[in-house]
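Here are the chains, one letter per residue:
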Amino acid sequence: MTDSLEGQFLIAMPNMDDGRFDHSVIYVCSHTEQGAMGLVLNQVARHLSFEDLLLQLNILNDENAIRLPTKIREMNVHKGGPVEMERGFVLHTNDYVLDRSTLEIDNGICLTATLEILKALAEGRGPEKAMLALGYSGWAPGQLESEIQANGWLTGPASRDLVFDPTFDDKWQRALKSIGIDPAMLFGTAGHA
């Protein structure tokens, strides 16, 4: 596949038909002939803190939760997408790699989906920058290409800074600006010649 979007942003158009992706910014982790997989970067699971998740998974107990690094305690849990929402995925910098478990994607960004990385984060020995998501966004073969052609998504180079920026409320606008588009000038419909 020569036109892989792996390591790129998908930025939802204002007319996105699927409300689950309204104003979403997705980092594409994999894009092959078999389909595509990515994580939404700007939807947060407000009902669940990272500390709560670590307690639920028995990675932490009440005693060692007190020693949790502040940076980790304040980390958001994101909604990565509507597929396998009980499964966790960590996008992170390449300063932490697990043999046979970490997928190196692009520009120093990796994906790991094991409990080991959560333990490492809780103990302060994980990657310098990380983003945890529950669930992922997935597309069957040709589905993403069809959605792009139907004016559902814009694509553009991913910014590592934007991927790991914990501020998520205006990430859609900043992603558009990063590809040279003023959000105020976007219209939900497009003409086809």
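Shown above is the structure to which this text applies.
A. Just the side chain of H31, in detail. Structurally, H31 is set in strand β2 (residues 25-32). Judged by relative accessible area, H31 falls into the buried class, the value being 4%. A polar contact of 2.8 Å, which involves the side chain of H31, links it to the backbone nitrogen of L5.

B. Quick peek at the packing of aromatic side chains. Taken as a whole, this structure holds three aromatic pairs when the rule is applied. Where F89 meets Y136, the ring centres are 5.5 Å apart and the plane angle is 80°; that geometry is what we call edge-to-face. Within this pair, whereas F89 is found in strand β5 (residues 83-93), its partner Y136 is found in strand β8 (residues 130-139), the two being separated by 47 residues in sequence. Judged on exposure class, the residue F89 and its partner Y136 are both buried. Both rings, one in W139 and one in W153, keep their centres 6.2 Å apart while their planes meet at 85°; by these two values the pair is edge-to-face. Within this pair, whereas W139 is found in strand β8, its partner W153 is found in strand β9 (residues 153-157), the two being separated by 14 residues in sequence. For W153, a relative accessible area of 3% puts it in the buried group. Among the aromatic residues, ring-to-ring pairing joins F21, W139 and W153 into one connected group.

C. Spatial organisation of the pattern of salt bridges. Per the counting criterion, the structure on display carries seven salt bridges. Here R125 and E116 are joined by a salt bridge, their closest N and O atoms 3.1 Å apart.

D. Representation of the nonpolar core within the structure. Among the nonpolar cores identified, the biggest contains 38 residues, and F9, Y27, L39, L91 and W153 are the most heavily contacted of them. With five residues, the single largest contributor to this core is β2. If you look at the next biggest cluster of nonpolar residues, it comprises 22 residues, including I72, V77, I117 and L132.

E. Inspection of the pairing of strand β6 (residues 102-106) at higher detail. Bridging between β6 and strand β7 (residues 109-112) involves four bridges; their strand directions are antiparallel. Paired with L103 across the bridge in β7 is L111. Counting the residues that bridge the hairpin from β6 to β7 gives two residues, and of these N107 lies at a positive phi of roughly 55°.

F. How the structure looks around unusual backbone geometry. Positive phi, normally seen in glycine, also occurs at E84, with a value near 45°. Residue position: E84 is located in strand β5. The backbone phi angle of R100 is positive, close to 60°, even though this residue is not glycine. Structurally, R100 can be placed in the loop between β5 and β6.

Rules and cut-offs
Residues numbered from 1 in each chain as written. Predicted model: local features only at pLDDT ≥ 70, side-chain atom pairs only at ≥ 80, totals over all residues. Heavy atoms only, no water. Helix = DSSP H or I, 4+ residues; strand = E, 2+ residues; numbered from the N terminus. Buried < 20%, exposed > 50% of the residue type's maximum accessible area, 1.4 Å probe, protein only. Polar contact = N/O pair within 3.5 Å; in protein donor to acceptor, adjacent residues only side chain to side chain. Phe/Tyr/Trp six-rings, centres within 6.5 Å; stacked < 30°, edge-to-face > 60°. Salt bridge = Lys/Arg side-chain N within 4 Å of Asp/Glu carboxyl O. Core = buried A, V, L, I, M, F, W, Y, C linked by side-chain atoms within 4.5 Å. Pairing = 2+ DSSP bridges.

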